[in-house]
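Report on the structure
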Amino acid sequence: MKFSKSLIFSFFTFLVLCSCRSDKPPVLVNGPSVSGSNRVWICNEGNFQQANSELGIYNPENKEYSPEVYKAANLNSPGDVLQSLNFYNGLAYLIVNNSGKIIVVDTSSFQVQKLISGFTSPRYMLPVGPFKAYVSDLYADAISILDLEKDSIIGNIACGQWTEKMLQFQNKVFVSTAQHDQLFVIDALTDQLIDSIPLAYGSNSLVLDKNNKLWVLCSGSPSENKAAGLFKIDPNSHQILSQWPMDQTKLASHLSINSKGDEIYFLYKDLFKMKISDQDLPSTAFYPANSRIFYGLNIDPLRNEIYLADPIDFVQKGLAIRLDSNANLLSTFRTGFNPNGFYFE
């Protein structure tokens, strides 16, 4: 993740108030957890311009964490800022933000199979059709169109904004924009921008519930006195069905949903949980951050367990926190530098 945008500056204003901590290290192995089933892939983005990103694998069955599996297989790190990853056709696509590339690795050996270059500052990848994917970007003001057979960029969709996470519903792709107050809609068949939906400032994450309703979380910007907000949208008509304004003092991020599609989770300094049938935002935290910094969140769709990432102080190696669906602590383990995301095969 690059740190030159005002959204990131707002976040770091909060970070300076947080203290450093140390935790008991986990069992570190390079064997069983790599080959186990139901593995959790962890992106450790590393420090900006230090090329110390790291891919780690966690086995929830034996609570073992395998660090630097990419480095062990390829004798180097993925590059500068491992932002995210995605799976397609039996391969893992590692999006390396500040290196401007996507590395394609085998999911068993972690060895590099392909390299896709030519990006400005890629963020997230979304497969949208047979051998076609979109890649959002921090600085390009456009979404790249990938041919996953030829492993090359074959076009782009001008957006004029920093684009973030994306979600496909039928033939539409909804695109969040981290420094704008619009949610973009793209026709995945024609690769054309067809609509924009006005929301709060800084849409950053989106999920689809069991009723096929789209939920979008907007970060806001405390430094600019712009409030965060949560929105429920009809993906067919693009109509806003419900909205929940938040205050201007905290950033909201990492909207996630459980496997049943009936409960959402998000970070608003603390971790919050909300049923999709609720009329009001939750008044109390589901799991408080206390002195921690929550920097990543995802829900294991198989076990319905919650994973939180804590970079601690952005200097030392971070921490992963694993909870059950009732917010009971199952385990914690040290990760690489600045863990930011959890992915499930």
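Note: the structure precedes this text.
Residues numbered from 1 in each chain as written. Predicted model: local features only at pLDDT ≥ 70, side-chain atom pairs only at ≥ 80, totals over all residues. Heavy atoms only, no water.

Quick look at the sheet that holds strand S19 (residues 240–245)
Put simply, the test is: Between any two strands, pairing holds if DSSP finds at least two bridges. Each helix is a run of DSSP H or I of at least 4 residues and each strand a run of E of at least 2, with the numbering of both proceeding from the N terminus. Every angle, taken between N-to-C directions, lies between 0 and 180 degrees, and every axis is a line fitted to C-alpha atoms, over only the stretch in contact when it is a helix.
Ordered in space as S16-S17-S18-S19, the four strands form an open sheet in which the pairing is antiparallel. Both outer strands of the open sheet, strand S16 (203–208) and S19, are each paired with one neighbouring strand and no more. With direction set aside, neighbouring strand axes in the sheet form an average angle of 15°. Bridge analysis of strand S18 (residues 229–233) against S19 gives five bridges, and the strand direction is antiparallel. Bridge assignment links Gly229 to a residue of S19, and that residue is Pro245.

Regarding the packing of aromatic side chains
To describe a pair of aromatic rings, one takes the distance between the centres and the angle between the planes. Heads up, the condition is: Side-chain rings of Phe, Tyr and Trp, where Trp is taken by its six-membered ring, are said to pair if the distance between their centres is within 6.5 Å; with planes under 30 degrees apart they count as stacked, over 60 as edge-to-face, and otherwise as tilted. Burial classes: relative accessible area under 20% of the type maximum marks a residue as buried, over 50% as exposed, and values in between as partly exposed (1.4 Å probe, protein chains only).
Applying the stated criterion across every chain, the model contains 14 aromatic pairs. Each ring, one from Tyr65 and one from Phe333, has its centre 5.3 Å from the other, and the planes form 35°; the classification is tilted. In this pair, Tyr65 sits in strand S3 (residues 64–66) while Phe333 sits in strand S26 (residues 329–337), placing the two residues 268 residues apart along the sequence. Comparing Tyr65 with Phe333, the two get one shared label, buried. Ring plane angle 90° and centroid distance 5.1 Å describe the contact between Tyr295 and Phe314, whose orientation is recorded as edge-to-face. Remark: Phe314 occurs in the loop between strand S24 (306–310) and strand S25 (317–323) and Tyr295 occurs in the loop between strand S22 (270–275) and strand S23 (296–299); sequence separation between them is 19 residues. Overall, the relative accessible area of 7% leaves Tyr295 in the buried class. Pairwise contacts between aromatic rings join Tyr58, Tyr65, Tyr307, Phe333, Phe342 and Phe344 into one cluster.

Considerations on unusual backbone geometry
The phi torsion at His254 lies on the positive side, around 60°, for a residue other than glycine. Mapping His254 onto the fold places it in strand S20 (residues 253–257). Overall, His254 belongs to the buried group, its relative accessible area being 16%.

Section: the sheet that holds strand S7 (residues 112–117)
Pairing in this open sheet of four strands is antiparallel, and the strands run S4-S5-S6-S7 from one edge to the other. Each having just a single partner strand, strand S4 (82–88) and S7 make up the two edges of the open sheet. Geometrically, the sheet is characterised by an average inter-axis angle of 20° between neighbouring strands, direction not taken into account. Direction of pairing for S4 relative to strand S5 (residues 91–96): antiparallel, over a ladder of six bridges. The partner of Asn86 across the bridge, within S5, is Tyr93.

Observations concerning the side chain of Lys232
What counts, and what does not: Only four residue types enter the tally: Lys and Arg on the positive side, Asp and Glu on the negative side, with His and both chain ends excluded. Whenever Lys or Arg places a side-chain nitrogen within 4 Å of a carboxyl oxygen from Asp or Glu, that contact is recorded as a salt bridge. By definition, residues are in contact when any of their heavy atoms lie within 4.5 Å.
Following the sequence through the fold, Lys232 ends up in strand S18. An unpaired buried charge is present at Lys232: no salt bridge exists, and Asp209, the closest side chain of opposite charge, is 5.6 Å distant. The residues touching Lys232, leaving out its near neighbours within four places in the chain, are Lys213, Leu214, Trp215, Gln239, Ile240, Leu241, Ser242, Trp244 and Ile276.

Some words on the environment of Asp270
The criterion, for reference: Each polar contact in these results corresponds to two N or O atoms within 3.5 Å; when the atoms are within protein, one needs to be able to donate a hydrogen and the other to accept it, and residues that are neighboring in sequence are counted only if both atoms are side-chain atoms.
Looking at the secondary structure, you find Asp270 in strand S22. What makes Asp270 buried here is its relative accessible area of 16%. Each C-alpha atom of the pair Asp270 and Pro288 lies 4.7 Å from the other, and the pair is 18 residues apart in sequence. A distance of 2.7 Å separates a polar side-chain atom of Asp270 from the backbone nitrogen of Ala289.

Considerations on the environment of Ile321
Summarising the element assignment, Ile321 is placed in strand S25. Here Ile321 falls in the buried class, since its relative accessible area comes to 1%. In the structure, Ile321 is positioned 15 residues away from Ile306 in sequence and 8.0 Å away in space, judged by C-alpha atoms. Once residues lying within four places of it in the same chain are set aside, the contact partners of Ile321 are Tyr287, Arg292, Phe294, Ile306, Tyr307, Leu308, Leu329, Ser331 and Thr332.

Focus on the nonpolar core
Threshold: We define a nonpolar core as any set of buried Ala, Val, Leu, Ile, Met, Phe, Trp, Tyr and Cys residues linked to one another through side-chain atoms lying within 4.5 Å.
Counting residues in hydrophobic clusters, the biggest one holds 17 residues, and the most contacted among them are Trp41, Leu55, Leu85, Leu94, Val105 and Phe110. Counting residues per element, the ones that place at least two in this core are strand S1 (40–44), strand S2 (54–59), helix H3 (69–74), S4, S5 and strand S6 (101–106).

A look at the pattern of salt bridges
Throughout the structure, instances matching the rule amount to ten salt bridges. Across the pair Arg303 and Glu61 runs a salt bridge, and its minimum N-O distance is 3.7 Å. Of this pair, Arg303 sits in the loop between S23 and S24 while Glu61 is found in the loop between S2 and S3, placing the two residues 242 residues apart along the sequence. In this structure, Arg123 engages Glu164 in a salt bridge whose closest nitrogen and oxygen atoms are separated by 2.5 Å. Pair noted here: Arg123 is in strand S8 (residues 122–129) and Glu164 is in strand S12 (residues 163–169), with a separation of 41 residues, a long-range link. For the pair Arg123 and Glu164, one class covers both residues: buried. Residues participating in the shared-partner salt-bridge network are Glu263, Lys273 and Lys275.

A short note on the environment of Ser117
Within the secondary structure layout, Ser117 lies in strand S7. As a C-alpha pair, Ser117 and Ser99 span 18 residues in sequence and 8.9 Å in three-dimensional space. Setting aside its immediate chain neighbours within four residues, Ser117 contacts Gly100 and Ile153.

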